[in-house]
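For reference, the chains in residue letters:
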Amino acid sequence: KLQLKHGSHRVGKRTDAVMAKWRGYGLGQFIHWGLYAIPGGEWNGKQYNGAAEWIRSWNGIPKSTYDSLIYKFNPVNFNAEEWAATAKQMGAKYVTITTKHHDGFCLWPSKYTNYTVANSPWKKDIMKPLIDAYDKQGIDVILYFSVMDWNHPGWRYDIKTKEDSIAFEGFKQFTRNQLLELLTLYPTAKGLWFDGTWDKSWVKQAAFADELETEMRKLRPGLIIGSRFRADENGKRHFDSNGVLMGDYEQGWERKIPNKIEDVHGNDWDCVMTVPENQWGYNKAWKGHIKTTNELLEMTAKCVSLGGNFVLNFGPQGDGAIRKEEKQLAAQIGDWMKTNNEAIYNCEYAGLEKQDWGYFTKKTGSDKLYMIVFNVPVSGALKVKLPANTSIGKSYLLAQPAQLLNTEEISGTEYFIHLKNTAAGKPFVVVLEPNAKKGSGNTYDKAKT
Ligand SMILES: C[C@@H]1N[C@@H](c2nc3ccccc3[nH]2)[C@H](O)[C@@H]1O
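What comes next concerns the included structure. (Residues numbered from 1 in each chain as written. Predicted model: local features only at pLDDT ≥ 70, side-chain atom pairs only at ≥ 80, totals over all residues. Heavy atoms only, no water.)

**Section: the packing of aromatic side chains**
Reasoning step 1: Tallying each qualifying case throughout the model produces 28 aromatic pairs.
Reasoning step 2: Where phenylalanine 78 meets tryptophan 83, the ring centres are 5.1 Å apart and the plane angle is 90°; that geometry is what we call edge-to-face.
Reasoning step 3: For phenylalanine 78, a relative accessible area of 13% corresponds to the buried category.
Reasoning step 4: The exposure class assigned to tryptophan 83 is buried, which follows from its relative accessible area of 2%. (Phe/Tyr/Trp six-rings, centres within 6.5 Å; stacked < 30°, edge-to-face > 60°. Buried < 20%, exposed > 50% of the residue type's maximum accessible area, 1.4 Å probe, protein only.)

Written as structure tokens, this is what we have:
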């Protein structure tokens with residue numbers, strides 16, 4: 001084990017109540033909104049091929065022209081209560097909102113830069129009404145903050161010269177000021193979701209970032225900060241030089257989901273996901289593969305079955321309205337969650353062998369198991385392998401608890417649960433209440449081969 005001054009300061013999951021609540025969220029909403037929503041992936045009638053929130057990096061637009069979008073920021077259809085109501089309808093338990101993306105435009109009236117809503121036609125703070133509206137819906141708020149800031153004169157991708165070093169010192173103070181400002185202005189925020197921290201300039205600031213993280217945690221006890229904020233003194237990110245997770249949860253699952261429990265190394269984690277293949281900010285062209293409700297429900301179930309949370313991204317339009325396709329998804333996901341959220345909220349990895357029909361989750365603090373079925377076998381028989389000395393007490397559809405399902409023991413630890421109807425046409429949940437077996441051995445001994 002290497003002696004590290006700026007590595008991880010904790011081994012294993014956090015054990016406090018704030019993190020336990022985060023662990024049980026199951027489903028979250030991501031909001032990407034800012035000046036990039038105005039062009040929406042298009043400029044002078046030409047479509048930008050990259051992610052819409054990166055359009056400033058396109059050589060199809062002079063940087064100063066993009067930066068002048070601040071004078072067009074006037075979201076007349078912005079309605080914080082509507083955004084929060086959409087998240088509530090979907091069944092999201094937390095929301096991560098961009099306060100400042102890579103372009104440096106601040107959705108709050110920061111006193112450390114002029115590049116904020118205060119100097120736009122809109123003039124007003126966007127963050128406060130949003131945070132209040134989500135708080136009112138009982139949805140916890142996490143603040144997204146991009147360290148990389150293309151608007152700030154002190155930003156550097158690397159520190160190569162004395163001038164770079166002097167400029168970046170100013171940038172570091174600006175970053176610290178803005179973060180302490182956000183925590184002070186919005187004290188109900190539960191955490192910070194850092195982005196734009198991969199460039200060498202920031203990776204070289206292990207000591208500064210470590211001290212800043214400590215300072216923020218002192219200012220806001222219980223604050224949740226992921227593994228993407230800071231590197232250790234050897235430049236190691238997400239996991240320090242001893243392989244220990246940095247921060248409170250693994251933040252590497254961006255547009256990808258772990259496949260097996262070993263992939264999450266016993267850590268807390270969440271997956272952040274776009275509806276199109278790779279668009280976070282609003283893109284006029286709703287093109288390429290757009291994930292369906294069933295795909296998104298399966299991603300949610302898969303994340304919870306592996307001990308994580310699934311965070312679905314929304315990219316509101318430049319005028320502040322949420323596009324109809326995203327509203328439809330929120331309504332359809334919410335429909336399913338209304339009936340089935342018991343299998344998602346406050347659930348965890350069940351520790352059972354994955355079966356083809358779908359995903360197991362287990363209620364935290366209980367033995368109750370949920371089987372979230374996406375692939376109904378033609379036999380209508382759902383295979384289950386339970387730990388030794390465990391049998392099935394009873395099993396039923398979450399949507400019809402009075403109707404017990406027939407279960408059949410195949411061998412000591414394997415069972416079939418027989419569905420009465422194999423034409424569900426949409427994902428459903430089977431509840432499995434296990435029993436401790438009364439000390440009986442296996443009915444059939446293992447074959448001697
Ligand atoms: C959560 C996501 N992270 C940003 C991002 N920028 C990237 C640059 C290179 C590779 C991956 C990236 N993800 C995306 O713009 C979005 O905010």
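**Some points on the environment of lysine 100**
Reasoning step 1: Of note, lysine 100 is situated in strand S4 (residues 94-100).
Reasoning step 2: Along the chain, lysine 100 and threonine 116 lie 16 residues apart, while their C-alpha atoms are 9.1 Å from each other.
Reasoning step 3: Setting aside chain neighbours within four positions, we find lysine 100 in contact with Phe105, Cys106, Trp108, Tyr144, Phe145, Ser146, Asp149, Phe174 and Gln178.
Reasoning step 4: At a separation of 2.8 Å, a polar atom in the side chain of lysine 100 contacts the side chain of glutamine 178. (Helix = DSSP H or I, 4+ residues; strand = E, 2+ residues; numbered from the N terminus. Contact = heavy atoms within 4.5 Å. Polar contact = N/O pair within 3.5 Å; in protein donor to acceptor, adjacent residues only side chain to side chain.)

**Re the nonpolar core**
Reasoning step 1: Tyr134, Met216 and Phe310 are the most contacted members of the largest nonpolar core, which has 101 residues in total.
Reasoning step 2: Of the residues forming this core, the biggest block, seven residues, is contributed by helix H5 (residues 162-185).
Reasoning step 3: Apart from residues lying up to four places away in sequence, tyrosine 134 is in contact with Gln29, Ile31, Trp83, Ala84, Ala87, Val95, Ile97, Ile139 and Val141.
Reasoning step 4: Listed in part, the 18 residues of the second largest apolar core include Leu352, Ile392, Val430 and Leu432. (Core = buried A, V, L, I, M, F, W, Y, C linked by side-chain atoms within 4.5 Å.)

**Concerning the site of the ligand**
Reasoning step 1: Around the ligand lies a shell formed by His32, Glu53, Trp54, His101, His102, Tyr144, Trp193, Asp195, Trp198, Glu254 and Trp280.
Reasoning step 2: Between the ligand and tryptophan 54 there is a distance of 3.1 Å, counted from an oxygen atom to a side-chain nitrogen or oxygen.
Reasoning step 3: Between the ligand and tyrosine 144, the relevant distance is 3.5 Å, taken from an oxygen atom to a side-chain nitrogen or oxygen of the residue.
Reasoning step 4: Starting from 390 Å² of accessible surface for the ligand in isolation, the protein chains cover 73%.
Reasoning step 5: Of the residues that constitute the shell around the ligand, the class distribution is five nonpolar, three polar and three charged. (Near = heavy atom within 4 Å. Areas by Shrake-Rupley, 256 points an atom, 1.4 Å probe, with all protein chains shown as cover. Nonpolar A, V, L, I, M, F, W, Y, C, P; charged D, E, K, R; others polar.)

**Points about the sheet that holds strand S14 (residues 381-385)**
Reasoning step 1: Pairing within the open sheet is antiparallel, and its three strands lie in the order S14-S18-S17. Two strands close off the open sheet at either side, each with one partner strand: S14 and strand S17 (406-409). Going from strand to strand, the sheet's axes swing by 25° on average, the running direction of each strand aside. (Pairing = 2+ DSSP bridges. Axes fitted to C-alpha atoms, helices over the stretch in contact; angles between N-to-C directions.)

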